[in-house]
Each structure stands twice: as C-alpha cells, then as structure tokens.
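Here is how the chains run, residue by residue.
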Amino acid sequence: MASKRLSNYQILECILEDDEESIIDSPDEDEGDDEVIQSDHNSESEESANETELEWSDDDNEPLSRHASKDSDSFYLSKKKCTKWAKEPPRTSVRVRRHNIMRETPGPKGAAKEIHTMSEAFFCMFSMDTVNLVLQQTNDYIKSIQGKFQRERDCKFLEYEELLAYLGLLYMSGVLRSSHLNFKDLWATDGTGIEFFQNTMSFNRFLFISRCVRFDDKNTRSERQKTDKLAAVREFTDLMNNNFINNYSASENVTLDEQLPAFRGRFSGVVYMPNKPTKYGIKHYALVDSATFYLLKFEIYAGVQPEGPYRMPNDTVSLVKRMTEPIWGTGRNVTMDNWFTSVPLTNTLLKDHQLTMVGTIRKNKPEIPTCFQPKRTRAEHSSLFGFQEDVTLCSYVPKKSKAVLLISSMHHDNKIVESEKKKPEIILYYNRTKGGVDTNDQMCANYNVGRRTKRWPMVIFYHLLNVAGINAYVIYKNKIDHGISRREFLKHLAVDLVKARQQTRATIPQLPRAVQKRLKRNAQVQDPSPTSRGGPSTTYKRCHICPRSKDKKIRFMCAKCHQQVCHDHSTMICDKCID
C-alpha cells in the first residue's frame, strides 16, 4: 500500500514540474492565471491520491466505500463490516406501513362460530373424526388381546359413550388436581373416594381402557416407522392440529416457543432442557395467541427423521416458516426468543410472508455491531438503536456490564418510555407479548389430566387433551359466557361427557343398589323404559300374579310390564331367543 501512495506522490511532482516549465515558456500569462493552473493540478492529484487511499482497508484488506469517513458518522458497522445500521431513525410522519395492518378478524371461525354448549366447543377441538380414530384403533387392539383373558367381561370392546366418559374422568381428575395422586384413591369405598368416579365406571375398567388406548394400527406400524418416528401418533396429531387451526383466528400478536411435557421413558425425541420445570420430556414447538393463549399450531420434535416425506430441516428459519404458515399474509406480529431470531429470518418473514417479528437476539450474530455488545463503559439504563429499511436493532443496558439485544421489524423509531429505568418501547412490547406459550404451559399444569406412564404416545395424548381443554374454553368464553372461570368450564365439561354413560349404567340390573341410587339422584336418571331388559329390582315387592294370601315377595320384575313376578309365573329366556 505504501508503494501505491509513493507512485502517486511521484506523479504529483512530475505534474508540478511540467507546470513550472509551462509557466517559464509562457511569460505573457499573468500571475493570477498561474495560480489557477497550479490549484487545478493540485486538486486533481489530491483526488487521485484520495481514491487510492480509500480503495483499500488497512485492517481487513477489503474494499471500502469512498465515503467511509462520512458513513462512520451516520452508520454503525457490524464486526465483519458486512452490515450497516443507520444511527438515525427513518421519517415517522408517514402513513401506517402495510405490514403493520392486520387482515383478519380475530375470534372463533368455521364450526366454532355455531357452538351453544361446552361439549360443542370441546368437539370443535376433539372432533368426531378424532373420536372415531381412537375408538377404532383401541377396539382393534382389544380384539388382538382378548385371548389372554379368561372372562369376556374383563375385555369388553370400548363403546362411544364409554370413551367420552373416560375423557370426562380425566378432565375431572385435572380439576381435582389429582394427576400425582394414586388413582385408586378416587375409587375408595371407605368414605374418602370421589362419588363421580365410582358412578361412571369401575376402577378396573378405567385401568383397562388406559392400557388399551391406541392411535394407529399396530400391525402396520413397523413399516411406517421406517419413514416416520412419530408413526404411532401421526394421524391423531394431524387431526388435532387441523382442528386447532380451522376453528380460531388469532389476535394481532402470536408467540412462538417450546413446550416440554414431562417424560423420561424410551423415545428418540426425549430432550433435556435445564431452563424448563420438567427438565426432561418430549419437546413441542407451539404457536400461541399472546392475548387469549389459544394454541394455533404445534410440531413435535422427534430428532432427525429417516429419509422420507416426514424428514424436515430443523434449522430455525425453516422451522419458523413451517410454524407460521397458518398466518402467512395476515399482517400479524410473531414474538420469539433468541433461539429462533436472526436478521435474515426477520427479512424473510416480512418480505415473503407479510409478518413482522419482535424478539431478543444473540450477541454473537455476525450482523451485530461491536458497540452494541455489553461493555463496562456503557451507562446504566442507556440505549443504542440501529436502523435499516425495515428492521430496527436495539441494545439496552439494564445494569453495568450487561446488555439486552432485541430486533424488530414492527418498530421503526427510537422511542423510550419515560420512567426510572428508561426502557425502550421495543422491550416493553416484547415483555407484553412474549408469555403466550409459557402461560399456556402454566394453564396446562394447573389442571393437568396427565397420568404417569411409560408409553410416550400417551404423554402426547394427555398433553393435547390439556390443550384442547384450553382452546375449547377460549372459544366458549368468546361466544357464550365471558365470565366463566376455566375451572368451572372443565368441571361442567367433565359432567357433560360422562352423563350419557351414567344414564346407561343406571339401567344395569347387576349394579350395586347404592350406586344405582346415587346415579338416579345425581344424574337425574329416569326409571328404565319398557323396552329395557328385566332383572332384579332395587326393592322387594309382592308378585302381581300370586294371590295376596300367599304374600310372596320377590325382587325380580318382568322385562315388558316392569312388575314384580315370581319364578312360578316367569320363564327365563336368553338374549338370542328374544325376538
């Protein structure tokens, strides 16, 4: 570089010598013209020298702009000189930017707009297709194990009403916060049990259903697992995802983060996350409404999938694009933490999908200027801002030697809220919208339906039941009752789900007399209809055919007229012989 500068100086001397000779040879020209000629040549030589000096950088041997000195006054440069951030914000006296205008009305949509009851809100999330899938696959599994049982009644097929009752018992156990309680205590007959569980089904039947619940065909699972690690729950999770997406339109702000249902068993997708309460579990990515905490979409992390249609890139840009697909082009804002955020992702979401983004960003990103990093020299509660055409970078010092970095494509100014800590508006906005997924997690934990299990599909099943309860509550509260608490909603939902089963169970003649009385009192079950079968009654009465002189009292009643009849005036007929 020194040799280049020397050659320019030599050229400059030659020019000056030529000028002097031309002046001597031209005595007629006056002195003023001589000064003009010299100044012109000097300016030309200085420009050529400046061009040579600014053409190369001493530090990186990389070409720089001619106006580098001016840029240093109005721009911040990243560490590798690859990104410029303007120090001054763009004009604010402009109309609202197109990407800040929301294009959808938030609230229930589709079938969720027509609900009237709590159970209808629930079936928008847990649709009939989902119920039929669980019912069919569970009965197929029961059929495959019936040979292992001596008594047929111990391995009966699962009925529709019974499956709904099973879900209702799970929700009621969550309301009672008994997820870590031994379930046998809920069926205790020593006065400490819960009537609601005893009236719905026996404890052994509940355990049997829990053992047999399946979501896919076990006979073809090994073949499907060659291309999908989540083959055991794939169809079930796809149905639930579609139900969540198709029945609700989110508000203007959504949150993208991770959830971790607890699990320590055998599964390739089990991860360790020390910052989560459960530490070990099956990681879910979740997109949640920041205002109502409705979960719009989820994706289960199963590690690296085998080659096939379910193998997706796990880099953050691809992941965020998959998760935000339901809200592309709607003008919403997505809030996320520094695990997801980057400058290229911010530009991609804005330009390709009309979504703004606000989030923290890690200080090791190549686009971050050095002066934005934590330094001891920076004053406490001070802020730095860098601006690009559609992106704003903010660095705030909450305390000495610490700095919080945020990036936003929604904010385009350096507004600071007047308070003791002088926080930028970007940080306050991030704090208001970052808690969507964490709050949804907390709501799941408050009334958790999960039970301890070694089967990872059941962990996903319990978690999605928790989410379905929250989503159904959001829809019902929006459409019907704005003041109902979530606990009351889940309690009444559980009662609605088990009601049909309790009514059917009350007609079973072999049911203990005390259970029948409770069912008739609590579920308001009417007396059996004339088409129901006969059998033992709950009371002893005189046979309506025998004369009064005999005073023969009997418990058995006729299946047609429902009057007590003795063995002398009755005939036993099996079910197959009844017309």
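See above for the structure.
Given the structure is predicted, the values throughout are model-derived calculations rather than measurements. (Residues numbered from 1 in each chain as written. Predicted model: local features only at pLDDT ≥ 70, side-chain atom pairs only at ≥ 80, totals over all residues. Heavy atoms only, no water.)

### Brief notes about empty space enclosed by the protein
Part 1: Applying the stated criterion across every chain, the model contains two cavities of 30 Å³ or more.
Part 2: In this structure, the largest cavity occupies an estimated 40 Å³ of space.
Part 3: Lining the largest cavity, in full, are Tyr 171, Tyr 447, Val 449, Leu 465, Asn 466, Gly 469, Ile 470, Arg 486 and Leu 490.
Part 4: Among the secondary structure elements, those contributing two or more residues to the lining of the largest cavity are helix H15 (456-479) and helix H16 (486-505).
Part 5: No other element matches H15, which puts four residues into the lining of the largest cavity.
Part 6: Along the lines of polarity and charge, the residues of the lining of the largest cavity split into six nonpolar, two polar and one charged. (1 Å grid on protein atoms, 1.4 Å probe; cavity = no way out; pocket = protein on both sides within 12 Å on 5 of 7 lines; lining within 4 Å. Points joined across faces, edges and corners; volume = space filled by probe spheres on them. Helix = DSSP H or I, 4+ residues; strand = E, 2+ residues; numbered from the N terminus. Nonpolar A, V, L, I, M, F, W, Y, C, P; charged D, E, K, R; others polar.)

### Section: the packing of helix H6 (residues 160-175) against H15
Part 1: Interhelical geometry of H6 versus H15 gives an angle of 75° and a closest axis separation of 11 Å. As judged from the angle between their axes, H6 and H15 are roughly perpendicular. For the pair H6 and H15, the contacting residues are Tyr 166, Leu 167, Leu 170 and Tyr 171 in the first and Met 458, Phe 461, Tyr 462, Leu 465, Ala 468 and Gly 469 in the second.
Part 2: By residue class, the composition of the contact of H6 with H15 is nine nonpolar, one polar and no charged. (Axes fitted to C-alpha atoms, helices over the stretch in contact; angles between N-to-C directions. Parallel < 35°, antiparallel > 145°, perpendicular 65-115°, else oblique. Contact = heavy atoms within 4.5 Å.)

### A closer look at the side chain of Ser 395
Part 1: Within the secondary structure, Ser 395 is located in strand E13 (residues 392-396).
Part 2: Of the polar contacts made by the side chain of Ser 395, one reaches the backbone oxygen of Phe 372; its length is 2.9 Å.
Part 3: Leave out the neighbours within four places in its chain, and Ser 395 touches Phe 372, Arg 378, Ser 382, Ser 383, Leu 384, Ala 403, Val 404 and Leu 405. (Polar contact = N/O pair within 3.5 Å; in protein donor to acceptor, adjacent residues only side chain to side chain.)

### What to know about the pairing of strand E14 (residues 404-408)
Part 1: Where burial is concerned, most of E14 is hidden: four out of the five residues are buried.
Part 2: Taken together, the three bridges between strand E11 (residues 356-360) and E14 define a ladder with antiparallel strand orientation. Bridge pairing in E14 links Gly 359 to Ile 407.
Part 3: In terms of strand pairing, E13 meets E14 through five bridges, oriented antiparallel. Paired with Leu 393 across the two strands is Ile 407, which belongs to E14. (Buried < 20%, exposed > 50% of the residue type's maximum accessible area, 1.4 Å probe, protein only. Pairing = 2+ DSSP bridges.)

### Comments concerning the packing of aromatic side chains
Part 1: Counted by the stated rule, this structure contains 28 aromatic pairs.
Part 2: Consider the rings of Phe 183 and Phe 206, whose centres lie 4.8 Å apart with planes at 35°: the pair is tilted. Remark: Phe 206 occurs in helix H8 (residues 203-212) and Phe 183 occurs in the loop between H6 and helix H7 (195-200); sequence separation between them is 23 residues.
Part 3: Residue classification places Phe 183 among the buried residues on the basis of a relative accessible area of 5%.
Part 4: On the accessibility criterion, Phe 206 (2% relative accessible area) is buried.
Part 5: Linked through ring pairs, Phe 122, Phe 123, Phe 126, Tyr 171, Phe 215, Phe 236, Phe 461 and Tyr 462 together constitute an aromatic cluster. (Phe/Tyr/Trp six-rings, centres within 6.5 Å; stacked < 30°, edge-to-face > 60°.)

### What to know about the nonpolar core
Part 1: Grouped together as the largest cluster of nonpolar side chains are 112 residues, with contacts concentrated most on Tyr 166, Tyr 171, Phe 244 and Phe 461.
Part 2: Setting aside chain neighbours within four positions, we find Tyr 166 in contact with Met 201, Phe 206, Ile 209, Ser 210, Val 213, Met 458, Phe 461 and Tyr 462.
Part 3: One finds Phe 385, Phe 387, Ile 426 and Tyr 430 within the second-largest nonpolar core, a separate group that totals eleven residues. (Core = buried A, V, L, I, M, F, W, Y, C linked by side-chain atoms within 4.5 Å.)

### Examining the side chain of Ser 290
Part 1: Take Ser 290: it is sitting in the loop between strand E8 (284-289) and strand E9 (295-300).
Part 2: You can call Ser 290 buried: its relative accessible area is 12%.
Part 3: A polar contact of 3.2 Å, which involves the side chain of Ser 290, links it to the backbone oxygen of Thr 433.
Part 4: If sequence neighbours within four positions are ignored, Ser 290 has contacts with Asn 253, Val 254, Thr 255, Thr 433 and Gly 436.

### Regarding the environment of Asp 289
Part 1: With respect to the helices, strands and loops of the structure, Asp 289 is situated in strand E8.
Part 2: Look past the residues within four positions of Asp 289 in its chain and what remains in contact with it is Tyr 248, Ala 250, Ser 251, Asn 253, Val 254, Tyr 294 and Gly 436.
Part 3: At 2.5 Å, the side chain of Asp 289 forms a polar contact with the side chain of Ser 251.
Part 4: A distance of 2.9 Å separates a polar side-chain atom of Asp 289 from the backbone nitrogen of Ala 291.

### Regarding unusual backbone geometry
Part 1: The phi torsion at Gln 354 lies on the positive side, around 55°, for a residue other than glycine.
Part 2: Mapped onto the secondary structure, Gln 354 falls in the loop between helix H12 (343-353) and E11.
Part 3: Backbone geometry places His 381, a non-glycine residue, at a positive phi of 65°.
Part 4: On the secondary structure map, His 381 appears in the loop between E11 and strand E12 (383-387).

### Quick look at the pattern of salt bridges
Part 1: Scanning the model with the defined rule gives 13 salt bridges in all.
Part 2: Of the charged contacts in the structure, one is a salt bridge between Arg 221 and Asp 216, with a shortest N-O distance of 2.8 Å. Taken as a pair, Arg 221 and Asp 216 share a single burial class, namely buried.
Part 3: Between Arg 322 and Glu 299 there is a salt bridge, with the nearest N and O atoms lying 2.9 Å from each other. Taken together, the residues span a long stretch of sequence, with Arg 322 in helix H11 (residues 316-323) and Glu 299 in strand E9 at a distance of 23 residues.
Part 4: For Arg 322, a relative accessible area of 15% puts it in the buried group.
Part 5: Several salt bridges share partner residues, and in doing so they unite Glu 162, Arg 205 and Arg 501 into one network. (Salt bridge = Lys/Arg side-chain N within 4 Å of Asp/Glu carboxyl O.)

### Here we look at H8
Part 1: Within H8, seven of the ten residues are buried, which leaves the element mostly enclosed by the surrounding structure.
Part 2: Within H8 the residues assigned to the buried category are Phe 203, Arg 205, Phe 206, Phe 208, Ile 209, Ser 210 and Cys 212.
Part 3: In this fold, the buried residues of H8 make contact with helix H5 (128-145), H6 and H15.

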